[in-house]
Amino acid sequence: MRRGLVTAALLASAVALGDYAPQRMGSEPLDPTREARAQRVGKNLRCAVCQGLSVTDSPASMARAQLDKVRELIVEGKSDQEIYDYFVARYGEWVLLEPTAGGVNAFVWLSPAVLLVVGFLIILGQVRRKPKAPPPAAPSGPEDDYLKAVRAELEK
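Criteria and cut-off values
Residues numbered from 1 in each chain as written. Predicted model: local features only at pLDDT ≥ 70, side-chain atom pairs only at ≥ 80, totals over all residues. Heavy atoms only, no water. Core = buried A, V, L, I, M, F, W, Y, C linked by side-chain atoms within 4.5 Å. Buried < 20%, exposed > 50% of the residue type's maximum accessible area, 1.4 Å probe, protein only. Helix = DSSP H or I, 4+ residues; strand = E, 2+ residues; numbered from the N terminus. Contact = heavy atoms within 4.5 Å. Patch = residues over 30% accessible without salt bridge, like charges linked within 9 Å, V, L, I, M, F, W, Y side chains within 5 Å. Areas by Shrake-Rupley, 256 points an atom, 1.4 Å probe, with all protein chains shown as cover. Salt bridge = Lys/Arg side-chain N within 4 Å of Asp/Glu carboxyl O. Phe/Tyr/Trp six-rings, centres within 6.5 Å; stacked < 30°, edge-to-face > 60°. Lys NZ or Arg CZ within 6 Å of the ring centre and 35° of its normal. Expected span 1.5 Å × (residues − 1). Arc of directions from axis to C-beta. Polar contact = N/O pair within 3.5 Å; in protein donor to acceptor, adjacent residues only side chain to side chain.

## Re the nonpolar core
Side chains that are nonpolar tend, in soluble globular proteins, to be buried together.
Next, step 1: Grouped together as the largest cluster of nonpolar side chains are 18 residues, with contacts concentrated most on Val 41, Leu 45, Val 70, Ile 74, Ile 83 and Phe 87.
Next, step 2: Of all the secondary structure elements, the ones that give two or more residues to this core are α2 (32-43), α3 (61-75) and α4 (80-91).
Next, step 3: At five residues, the largest contribution of residues to this core is made by α3.
Next, step 4: When sequence neighbours within four positions are dropped, the list of residues in contact with Ile 74 reads Leu 30, Arg 34, Arg 37, Ala 38 and Ile 83.

## Remarks on a nonpolar patch on the surface
Next, step 1: Side chains of Phe 107, Val 108, Trp 109, Leu 110, Val 114, Val 118 and Ile 122 sit close together on the surface and give an oily, nonpolar patch of about 740 Å² of accessible area.
Next, step 2: A relative accessible area of 41% places Val 118 in the partly exposed class.

## A look at the packing of aromatic side chains
Next, step 1: Under the defined criterion, the tally for this structure stands at two aromatic pairs.
Next, step 2: Measuring from centroid to centroid gives 5.3 Å for Tyr 86 and Phe 87, while their planes differ by 85°, and the two rings are edge-to-face.
Next, step 3: Between Phe 87 and Tyr 91 the ring centres are 6.2 Å apart and the planes differ by 10°, which places this aromatic pair in the stacked class. Placement of both Phe 87 and Tyr 91 in helix α4 is noted, with a separation of four residues, approximately one turn of the helix.
Next, step 4: Assessed through its relative accessible area of 31%, Tyr 91 is described here as partly exposed.
Next, step 5: Among the aromatic side chains, those forming a connected cluster through ring pairs are Tyr 86, Phe 87 and Tyr 91.
Next, step 6: In this arrangement the basic side chain of Arg 46 is found over the ring face of Trp 94, its NZ or CZ atom lying 5.0 Å from the centre.

## Regarding the pattern of salt bridges
Next, step 1: Counted by the stated rule, this structure contains eight salt bridges.
Next, step 2: Note that Asp 80 and Arg 40 form a salt bridge whose closest N and O atoms lie 2.8 Å from each other. Note that Asp 80 is positioned in helix α4 and Arg 40 in helix α2, a separation of 40 residues in sequence.
Next, step 3: A residue is classified by how much of its surface remains accessible, and Arg 40, at 44% relative accessible area, is partly exposed.
Next, step 4: Note that Lys 156 and Glu 153 form a salt bridge whose closest N and O atoms lie 3.5 Å from each other.
Next, step 5: Judged by relative accessible area, which is 76%, Lys 156 ranks as exposed.
Next, step 6: A relative accessible area of 54% means that Glu 153 is categorised as exposed.
Next, step 7: Each of the salt bridges in this network shares a partner with another, and the network as a whole consists of Glu 35, Asp 68 and Arg 71.

## Quick notes on α2
Next, step 1: The end-to-end C-alpha distance of α2 is 16 Å, a good match for the 16 Å that 12 residues give at a rise of 1.5 Å each.
Next, step 2: Buried within α2 are the following residues: Glu 35, Ala 38, Val 41 and Gly 42. One face of α2 carries all of its buried residues, which in axial projection span an arc of 125°. The outward face of α2, more than 90 degrees from its buried face, is lined by the exposed residues Pro 32 and Thr 33.
Next, step 3: Check the buried side of α2 and you find it contacts α3 and α4.

## A short note on the side chain of Thr 56
Next, step 1: Its place among the elements puts Thr 56 in the loop between α2 and α3.
Next, step 2: A distance of 3.2 Å separates polar atoms of two side chains, one belonging to Thr 56 and the other to Ser 54.

In structure tokens:
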């Protein structure tokens, strides 16, 4: 009896979760030129549930739904930038596999080059620096008693 209730609860949750995410699982492809464009745009969009996979490379149902939405937007006559803006508005800039190089991202894109130049300048400054003159030698004169005692011990 208890096993039957658990099984029924699992089946009910699976059915409920299955209807939660849109699962059109790949609508009909468009004509070849528009389908190629959809694939190209999809290659630049990150799957919402995968790690680092594009919408076209991911097997997830969410990725299929995102690719279907790309196809819908292409049929509506949206430009590539309008499609990217649509997804950025819903998922944030994270959805782009190649984020724009503006704003805070410009700092992230440019900081390695800036650090490399600064490091090169520091190294160049160290190489060009003239070596310091050696400290002047201590005047040879009467030695203190301790130094005389050490030298006497070493000579034994």
